[in-house]
Amino acid sequence: MPDTSEAAGPRIREHLDDFRVEELPLYAPSGEGGHTFVCIEKRDRSTEEVARSLARLAGVGARDVGYAGRKDRRAVARQWLSVPGLEPARALAFEEDGLRVLEAVPHAHKLRVGQLAGNRFELRVRGVADPASLRPRFDEIARRGFANRFGRQRYGRRGDNAQQARALLAAGRRPRDRRQLRFLVSALQAEVFDAALAARSAPLDAVEAGEVAQVRESGGLFVVEDVARENERARRFEISATGPIFGTRVLAPTGAPGVREAALLA
């Protein structure tokens, strides 16, 4: 039994309903085409399990089912998946333990990883003796933002996803499941990003010379040159510093940030 006394301090994710995730789609399905975009709500189910269930329903392979990203198993999560050749009416009538279909709309193309605008989260914190005591921290977050680290959920149940990716790269082997390979490599990318975030000493609402910054409105990236000017923009949340997601295409920082990130990658 979990300790529910106030002495235990604040606690998160004690119960499934304490963590809710809602995917924000990048675009709406068109209403026409050979794929069906299915919005589902899942409870204590992985995205891969849901994909396999929908694939069986449609009589297709699990790799033919598309999704924009994986959502936490231990949560109540809503997300979109695409299934080829599945009639919307059949999808809407489908239900399994921990899975229900909320919407089903035809579309011309498969949903691809990364095709989402973002995610919305609700997190219940239990065991807070004085909720008002949290107000200064909330005010600080509103004023300066917070560190957008990946966190332990990206590294798998045993916390070894990044290690598995390193072993595969070192051995020069590729598993037959390319989707699983991408997932493991993304964990390795996340590990380096989190390490870069931990090594960064500048305030969250400031940028360093040579850092790669992102424009909030457009998403564009650029290397910081005029620190005084860009720090004014950073304090207004017009831009933010970024961390490395190493791959085949990445805008490299220069100066001290470039040296720091290259050492972490090595």
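Quick summary incoming for the structure in this document. (Residues numbered from 1 in each chain as written. Predicted model: local features only at pLDDT ≥ 70, side-chain atom pairs only at ≥ 80, totals over all residues. Heavy atoms only, no water.)

1. Structural notes on the pairing of strand β5 (residues 76-84)
Stage number 1. Within β5, eight of the nine residues are buried, leaving the element largely enclosed by the surrounding structure.
Stage number 2. Two strands pair when backbone bridges link them, and strand β2 (residues 19-25) and β5 are joined in this way by three bridges, in the parallel orientation. Its bridge partner lying in β5, Glu22 is registered against Arg78.
Stage number 3. When strand β3 (residues 35-43) meets β5, the two strands line up antiparallel, connected through nine bridges. By the bridge assignment for β5, His35 is matched with Pro84.
Stage number 4. When strand β4 (residues 66-67) meets β5, the two strands line up antiparallel, connected through two bridges. Paired with Tyr67 across the strands is Leu81, a residue of β5. (Buried < 20%, exposed > 50% of the residue type's maximum accessible area, 1.4 Å probe, protein only. Helix = DSSP H or I, 4+ residues; strand = E, 2+ residues; numbered from the N terminus. Pairing = 2+ DSSP bridges.)

2. A closer look at unusual backbone geometry
Peptide bonds are trans in most cases, and residues, glycine excluded, mostly fall at negative phi.
Stage number 1. Backbone geometry at Arg13 places phi at a positive 55°, although glycine is not the residue there.
Stage number 2. Here Arg13 shows up in the loop between β1 (11-12) and β2.
Stage number 3. Classification of Arg13 as partly exposed rests on a relative accessible area of 33%.
Stage number 4. Backbone geometry at Phe237 places phi at a positive 60°, although glycine is not the residue there.

3. What to know about empty space enclosed by the protein
Stage number 1. Taken as a whole, this structure holds one cavity of 30 Å³ or more when the rule is applied.
Stage number 2. Its boundaries defined by the atoms lining it, the largest cavity holds a volume of some 50 Å³.
Stage number 3. If you trace the largest cavity, you find it lined by Glu23, Pro25, Leu26, Tyr27, Phe37, Trp80, Leu111 and Gln115.
Stage number 4. A per-class count over the lining of the largest cavity returns six nonpolar, one polar and one charged. (1 Å grid on protein atoms, 1.4 Å probe; cavity = no way out; pocket = protein on both sides within 12 Å on 5 of 7 lines; lining within 4 Å. Points joined across faces, edges and corners; volume = space filled by probe spheres on them. Nonpolar A, V, L, I, M, F, W, Y, C, P; charged D, E, K, R; others polar.)

4. Considerations on the sheet that holds strand β12 (residues 239-241)
Stage number 1. Spatially, the three strands line up as an open sheet ordered β11-β10-β12, and their pairing is antiparallel. One side of each edge strand has no neighbouring strand; the edge strands of this open sheet are β11 (221-223) and β12. Averaged over all pairs of adjacent strands, the angle between strand axes in this sheet comes to 35°, irrespective of strand direction.
Stage number 2. Against the sheet, helix α6 (residues 227-235) touches β10 (212-215), β11 and β12, its axis set at about 105° to β12. (Axes fitted to C-alpha atoms, helices over the stretch in contact; angles between N-to-C directions. Contact = heavy atoms within 4.5 Å.)

5. Side note on the layout of surface pockets
Stage number 1. The space that makes up the second largest pocket amounts to roughly 150 Å³.
Stage number 2. Lining the second largest pocket, in full, are Arg20, Val21, Glu22, Glu41, Val76, Ala77, Arg78, Arg120 and Glu122.
Stage number 3. Those elements that place two or more of their residues in the lining of the second largest pocket are β2, β5 and β8 (116-123).
Stage number 4. Of the residues that constitute the lining of the second largest pocket, the class distribution is three nonpolar, no polar and six charged.

6. Notes on the nonpolar core
Stage number 1. Val38, Ile40, Leu81, Val83 and Leu86 are the most contacted members of the largest nonpolar core, which has 18 residues in total.
Stage number 2. Counting residues per element, the ones that place at least two in this core are β3, α1 (47-58), β5 and β7 (99-107).
Stage number 3. The biggest single contributor to this core is α1, with six residues.
Stage number 4. If sequence neighbours within four positions are ignored, Ile40 has contacts with Val50, Ala77, Arg78, Gln79, Leu81, Leu99, Arg100, Val101 and Leu102. (Core = buried A, V, L, I, M, F, W, Y, C linked by side-chain atoms within 4.5 Å.)

7. Digging into a nonpolar patch on the surface
Stage number 1. Taken together, Ile12, Leu123 and Val125 make up a surface patch of nonpolar side chains, about 250 Å² in accessible area.
Stage number 2. Take Ile12: it is sitting in strand β1.
Stage number 3. Take Ile12: its relative accessible area is 46%, and that puts it in the partly exposed class. (Patch = residues over 30% accessible without salt bridge, like charges linked within 9 Å, V, L, I, M, F, W, Y side chains within 5 Å. Areas by Shrake-Rupley, 256 points an atom, 1.4 Å probe, with all protein chains shown as cover. Salt bridge = Lys/Arg side-chain N within 4 Å of Asp/Glu carboxyl O.)

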